[in-house]
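A structural walkthrough
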Amino acid sequence: SIRYCGHVKSRKDMSVLYKAADVTLCTTLADGGPMMLSESLCNGTPVIAFDRCISLDLIRDGKTGYLIEDLSSMDMAGALSRILFIDNLKEMEEHSRAAYLEHHAEEAVLDQWEQVLKELKI
């Protein structure tokens, strides 16, 4: 079922809603983040998103959600059906949290910055 929760006023309330959701659908096409992907995965919620932006770094197709190619809304609907009715949701929740921690770990972030600086020859 779908429940509209209105404007969420705090990060704590947002976290509760992410945990309550079975899946996050991200239809963003061009965004520097979006943060909702990280926040969803942090709270153990698998994500379905187009293969753009940070989704390519965070989503492990079939493990933490699904990457949708060619902006296909039909493929997005199929992925949603798989998560809700076929996949092992509990296992995806565990993988989602682990992927978040792996990507946002201090060492990983430092390594990424070192790589950028190396490429810029700074």
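Just above sits the structure.
Heads up: these notes are all about the structure in this document. Quick caveat: nothing in here was measured; it's all calculated off a predicted structure.

Attention shifts here to the overall build of the chain. Looking only at helices and strands, one finds six helices and three strands in the chain. Along the chain direction, N to C, the helices and strands of the chain fall in the order α-β-α-β-α-β-α-α-α. Counting only C-alpha atoms, the chain reaches 50 × 35 × 25 Å along its principal axes. Here the chain holds 122 residues, and the buried ones make up 30% of them.

What the rule picks out here adds up to one cavity of 30 Å³ or more. Its boundaries defined by the atoms lining it, the largest cavity holds a volume of some 40 Å³. Lining the largest cavity we find Cys-26, Thr-28, Pro-34, Leu-37, Ala-49, Phe-50, Arg-52, Cys-53 and Ser-55. Class assignment for the residues of the lining of the largest cavity results in six nonpolar, two polar and one charged.

Our next topic: the side chain of Ser-55. Note on placement: Ser-55 falls in helix α3 (residues 55–58). In contact with Ser-55, other than residues within four places in its own chain, are Leu-37, Ala-49, Phe-50 and Leu-67.

Before going further, it helps to examine the packing of aromatic side chains. Each aromatic ring pair is described using two quantities: the centre-to-centre distance and the angle formed by the ring planes. Taken as a whole, this structure holds zero aromatic pairs when the rule is applied. For the cation-ring pair, Arg-82 lies above Tyr-66, with the distance from its terminal atom to the ring centre recorded as 4.3 Å.

This part covers the packing of helix α2 (residues 35–42) against helix α5 (residues 89–104). Their axes nearest at 7 Å, the elements α2 and α5 cross at an angle of 125 degrees. Overall, the two elements α2 and α5 adopt an arrangement that is oblique. Contacts between α2 and α5 involve Ser-38, Leu-41 and Cys-42 from the first element and Ser-96, Arg-97, Tyr-100 and His-104 from the second. Its residues assigned to classes, the contact of α2 with α5 shows three nonpolar, three polar and one charged.

Conventions adopted
- Residues numbered from 1 in each chain as written.
- Predicted model: local features only at pLDDT ≥ 70, side-chain atom pairs only at ≥ 80, totals over all residues.
- Heavy atoms only, no water.
- Helix = DSSP H or I, 4+ residues; strand = E, 2+ residues; numbered from the N terminus.
- Buried < 20%, exposed > 50% of the residue type's maximum accessible area, 1.4 Å probe, protein only.
- 1 Å grid on protein atoms, 1.4 Å probe; cavity = no way out; pocket = protein on both sides within 12 Å on 5 of 7 lines; lining within 4 Å.
- Points joined across faces, edges and corners; volume = space filled by probe spheres on them.
- Nonpolar A, V, L, I, M, F, W, Y, C, P; charged D, E, K, R; others polar.
- Contact = heavy atoms within 4.5 Å.
- Phe/Tyr/Trp six-rings, centres within 6.5 Å; stacked < 30°, edge-to-face > 60°.
- Lys NZ or Arg CZ within 6 Å of the ring centre and 35° of its normal.
- Axes fitted to C-alpha atoms, helices over the stretch in contact; angles between N-to-C directions.
- Parallel < 35°, antiparallel > 145°, perpendicular 65-115°, else oblique.

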